[in-house]
Amino acid sequence: MSLARPIAGSADTVGSVHIAQKDGFNPLLEKNATGLRLSGVHRRSQQVVLGAKLQWTLNIVYTAILVHRLLRLVWAWRRTMQLLADVKDVNLPPAIREIVNRLEQEGSLGKVLIQSSPEAASPFITVIRQPMLVIPESLLQKSSEADLSLVLAHEFAHLRRRDFLLNLVYEIASIPVAFHPITTLIKQKIEDSRELACDEIAAEQTGSRSKYASSLLRIAQSISGESMQRQASHVLGLFETDNLEVRIMSLMARKKQIGEKVGRIVLGAVGAVFAVVCLGMSGFALQVNAASSEAYAGTWRAEYQGKNFLVINLEDDKGNLAGTIRTMNVQIDLEGSGEVYSVSGELSEPMKLTNVHSDGKAMFFEYLEEGDTDPVHWRMELMTPGKASLDWVELPKGLKLKPIGLAKDAGNSGSMENEGGTRSTIASATQKAEYILGDLKIEGDVHDRNAVRDRVLKQLAGQEFDDVKDLVEAVAQRGVRSDFQSRGYPKVVVQDPTSKPLDESGGKQQILVVVPVSEGTQYRLKNLTITSVPPDKSLSILTATLREQFHLRPNDLFSVVEVRAGMERATQLYADHGYPEAQLQPETDIDEVAHQINLIIRVTEGAHK
């Protein structure tokens with residue numbers, strides 16, 4: 001499934017979850033959304049991007065394995081139907097018939113049909129139409145009543161345990177993981193354990209483990225190996241597995257049997273250990289992603305003798321790629337080896353990429369150089385994470401161009417081109433970088449874009465961050481989002497921001513942060529009501545005093561920031577009056593027509609201390 005449909009990357013995402021109220025939204029109650037997780041357990045996931053060729057190869061191989069396993073199951077079922085088509089009624093001796101009746105009653109099995117078959121190699125059961133025991137004609141003719149009673153006891157044990165149905169379930173369940181070598185081992189162990197369990201039941205019913213083992217050996221000696229190979233079908237036979245030696249040794253060994261209660265305790269303990277191991281291993285998940293637009297996003301560079309002669313910048317906008325390309329004067333041996341042999345000049349101004357699309361295997365784009373009338377067509381294919389190849393599409397016949405190797409800029413370290421296109425790393429592994437906000441760009445249809453930008457730049461001016469991610473988060477949440485929420489936009493949505501390196505200033509790396517914003521509707525405060533919980537209880541502090549803690553008046557722009565500050569002041573006021581456990585719960589009633597919000601503060605004072 002991960003090959004057919006990309007899995008989200010391993011980076012943690014932080015968003016905002018709004019608690020639903022009767023009007024569907026409460027902008028005052030928010031929690032960080034970090035996904036479902038267990039306390040103290042942190043996922044260490046590594047994203048692996050598969051190339052298109054490898055992805056299709058794995059899909060084809062996996063599909064072939066599934067088809068093979070399904071055909072084998074269908075063939076076994078068909079073989080079973082052929083065996084059942086040739087069965088005949090059999091007249092059992094009175095003593096054997098009495099044993100059959102007793103086994104049916106003990107197992108609450110109902111009527112079990114006893115048949116004979118000239119094709120069957122060994123006794124087997126099936127429950128396709130009704131419970132049926134098929135005994136080979138040769139075994140009926142040669143075996144004694146004692147040996148036949150053994151056959152009946154063993155096969156009826158299968159019926160009591162519903163092994164036929166369970167075996168069919170195991171076969172179907174194992175098909176999706178048939179490629180894994182452990183699957184075959186597990187199925188073999190299930191088959192071995194099933195036969196050993198039925199031997200234990202049959203030996204207990206016959207009264208003697210040694211006699212049962214002797215009869216089992218005699219019956220096995222009378223059946224040829226060639227006949228056993230011909231029987232392969234979807235049935236449960238007496239000698240379905242090739243572990244006869246283990247079965248005989250298990251019957252003859254004197255083992256101390258544990259009770260059912262102890263067995264369940266042991267099983268529970270093993271299950272608990274298994275669950276703990278699975279939970280621990282889940283912390284080291286390996287996510288396999290198909291090559292998606294997200295994998296292409298970033299800055300890609302082609303280098304020749306220390307110079308970046310080609311720089312491609314790709315941005316992912318909800319699955320749609322867009323970007324620019326910069327190039328140098330490049331000399332390529334198109335009539336010979338197809339390799340680059342000279343680069344000169346400086347990187348050009350960014351040229352916009354057009355017709356950017358993917359065919360599931362690679363990404364295609366084109367661009368138009370200044371002075372040209374025909375665009376240049378390129379094909380870009382991911383080889384490994386952070387590595388790609390670039391091919392010139394529609395190259396004139398007779399000319400050669402070796403695929404150009406591209407390397408993706410790593411994470412947030414970033415890099416810049418100096419004069420001549422040489423590469424200058426912003427942050428090296430040996431030097432810890434400090435990041436500051438260099439500039440802010442707000443995207444989207446918003447009001448007061450420049451004013452918001454200036455306020456956030458002033459708010460975060462001079463603040464230093466050890467990690468670009470922390471800087472971007474502070475700009476998006478503490479800066480942009482809080483600014484809109486303080487000006488009557490409680491439903492503002494700040495989408496995933498991006499960052500780009502700028503120049504260094506005073507030894508600090510400046511970062512440009514781009515924040516897409518959907519501001520939503522602007523609201524004003526209609527009324528502020530403060531009430532007690534329960535409603536019939538009087539508040540210890542006057543309502544007017546509590547209302548003064550909120551610096552909002554009717555018709556003011558609704559400010560989430562100010563409401564939170566007011567709740568903190570009111571909570572502190574209660575603490576000063578001896579109510580340290582006082583809780584204030586905000587509730588909003590939004591009038592979408594008038595664009596107004598009724599704010600209700602419900603106060604639970606708690607005990608006076």
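Preceding this section is the structure that the text describes.
Note that the coordinates shown come from a computational prediction; the quantities given were computed from them, not determined experimentally. (Residues numbered from 1 in each chain as written. Predicted model: local features only at pLDDT ≥ 70, side-chain atom pairs only at ≥ 80, totals over all residues. Heavy atoms only, no water.)

Asks: Explain the side chain of Glu 381 here, please?
Replies: As for its placement among the helices and strands, Glu 381 is situated in strand S18 (residues 376–384). Glu 381 gets classed as buried once you look at its relative accessible area, which sits at 7%. A polar atom in the side chain of Glu 381 sits 2.9 Å from the side chain of Arg 379. (Helix = DSSP H or I, 4+ residues; strand = E, 2+ residues; numbered from the N terminus. Buried < 20%, exposed > 50% of the residue type's maximum accessible area, 1.4 Å probe, protein only. Polar contact = N/O pair within 3.5 Å; in protein donor to acceptor, adjacent residues only side chain to side chain.)

Asks: Can you walk me through the sheet that holds strand S17 (residues 363–367) in this structure?
Replies: Neighbouring strands of a sheet are bound in pairs by backbone hydrogen bonds; such pairs are parallel or else antiparallel. The nine strands lie next to each other as S15-S12-S11-S10-S20-S19-S18-S17-S16, forming an open sheet whose pairing is antiparallel. Edge positions in the sheet fall to strand S15 (351–352) and strand S16 (354–358), since each of these pairs with one other strand and no more. Of the strand pairs in this sheet, S16 and S17 are connected by three bridges, and their pairing is antiparallel. Paired with Thr 354 across the two strands is Glu 366, which belongs to S17. (Pairing = 2+ DSSP bridges.)

Asks: What is the right way to look at the packing of aromatic side chains in this model?
Replies: Two measures describe an aromatic ring pair: the distance that separates the ring centres and the angle between the ring planes. In this structure the tally under the stated criterion is four aromatic pairs. Note on Phe 484 and Tyr 489: the rings are 5.8 Å apart at their centroids and 70° apart in plane angle, and the pair reads as edge-to-face. Where Tyr 574 meets Tyr 579, the ring centres are 5.9 Å apart and the plane angle is 90°; that geometry is what we call edge-to-face. A relative accessible area of 0% places Tyr 574 in the buried class. If you follow Arg 487 out to its NZ or CZ, it ends over the ring of Phe 484, 4.8 Å from the centre. (Phe/Tyr/Trp six-rings, centres within 6.5 Å; stacked < 30°, edge-to-face > 60°. Lys NZ or Arg CZ within 6 Å of the ring centre and 35° of its normal.)

Asks: Help me understand the side chain of Asp 199 in this model?
Replies: Mapped onto the secondary structure, Asp 199 falls in helix H6 (residues 181–206). Since its relative accessible area comes to 1%, Asp 199 is described here as buried. Those residues in contact with Asp 199, other than ones at most four positions away along the chain, are His 154, Tyr 212, Leu 216, Arg 247 and Leu 251. (Contact = heavy atoms within 4.5 Å.)

Asks: Can you help me understand the pattern of salt bridges in this one?
Replies: Close approach of charged atoms allows side chains of opposite charge to pair. For the coordinates displayed, the defined rule picks out 17 salt bridges. The salt bridge involving Lys 187 is made with Glu 171; its shortest N-O contact spans 3.2 Å. Linking Lys 187 in helix H6 with Glu 171 in helix H5 (residues 163–174), this pair joins segments that are 16 residues apart in sequence. The structure contains a network of salt bridges with shared partners spanning Asp 448, Arg 455, Asp 483 and Arg 487. (Salt bridge = Lys/Arg side-chain N within 4 Å of Asp/Glu carboxyl O.)

Asks: I'm lost on unusual backbone geometry in this one. Help?
Replies: Across the junction of Val 533 and Pro 534, the peptide omega takes the value 5°, indicating a cis bond. Even without a glycine there, the phi angle at Asn 555 is positive, about 80°. The topology assignment puts Asn 555 in the loop between helix H14 (543–548) and helix H15 (560–576). Given a relative accessible area of 47%, Asn 555 falls into the partly exposed group. One non-glycine residue, His 595, lies in the positive phi region at around 60°. Inspection of the secondary structure assignment puts His 595 in the loop between strand S28 (583–591) and strand S29 (596–604). Owing to a relative accessible area of 35%, His 595 belongs among the partly exposed residues under this scheme.

Asks: Explain the packing of helix H2 (residues 94–107) against helix H4 (residues 145–160) to me, please; I cannot follow it from the model alone.
Replies: Between H2 and H4, the least distance of the axes is 10 Å, while the angle of their chain directions is 20°. The angle between the axes of H2 and H4 places the two elements in the roughly parallel class. The chirality of how H2 crosses H4 is right-handed. The segment H2 lies against H4, with Ala 95, Ile 96, Ile 99, Val 100, Leu 103, Glu 104 and Gly 107 engaging Glu 145, Leu 148, Ser 149, Leu 152, Ala 153, Phe 156 and Arg 160. For the contact of H2 with H4, the class distribution of residues is nine nonpolar, two polar and three charged. (Axes fitted to C-alpha atoms, helices over the stretch in contact; angles between N-to-C directions. Parallel < 35°, antiparallel > 145°, perpendicular 65-115°, else oblique. Left-handed = near helix turned anticlockwise from the far one by under 90°. Nonpolar A, V, L, I, M, F, W, Y, C, P; charged D, E, K, R; others polar.)

Asks: Got a minute to help me understand the nonpolar core in this structure?
Replies: In a soluble, globular protein the nonpolar side chains are often hidden away together inside. Residues Phe 309, Ile 312, Leu 314, Phe 365, Met 380, Leu 390 and Leu 406 are the most contacted members of the largest nonpolar core, which totals 30 residues. Per-element accounting of this core gives the leading share, five residues, to strand S11 (residues 307–317). Leaving out residues up to four positions away in the same chain, Leu 390 has contacts with Leu 310, Ile 312, Phe 365, Trp 378, Arg 379, Met 380, Pro 403, Ile 404 and Leu 406. (Core = buried A, V, L, I, M, F, W, Y, C linked by side-chain atoms within 4.5 Å.)

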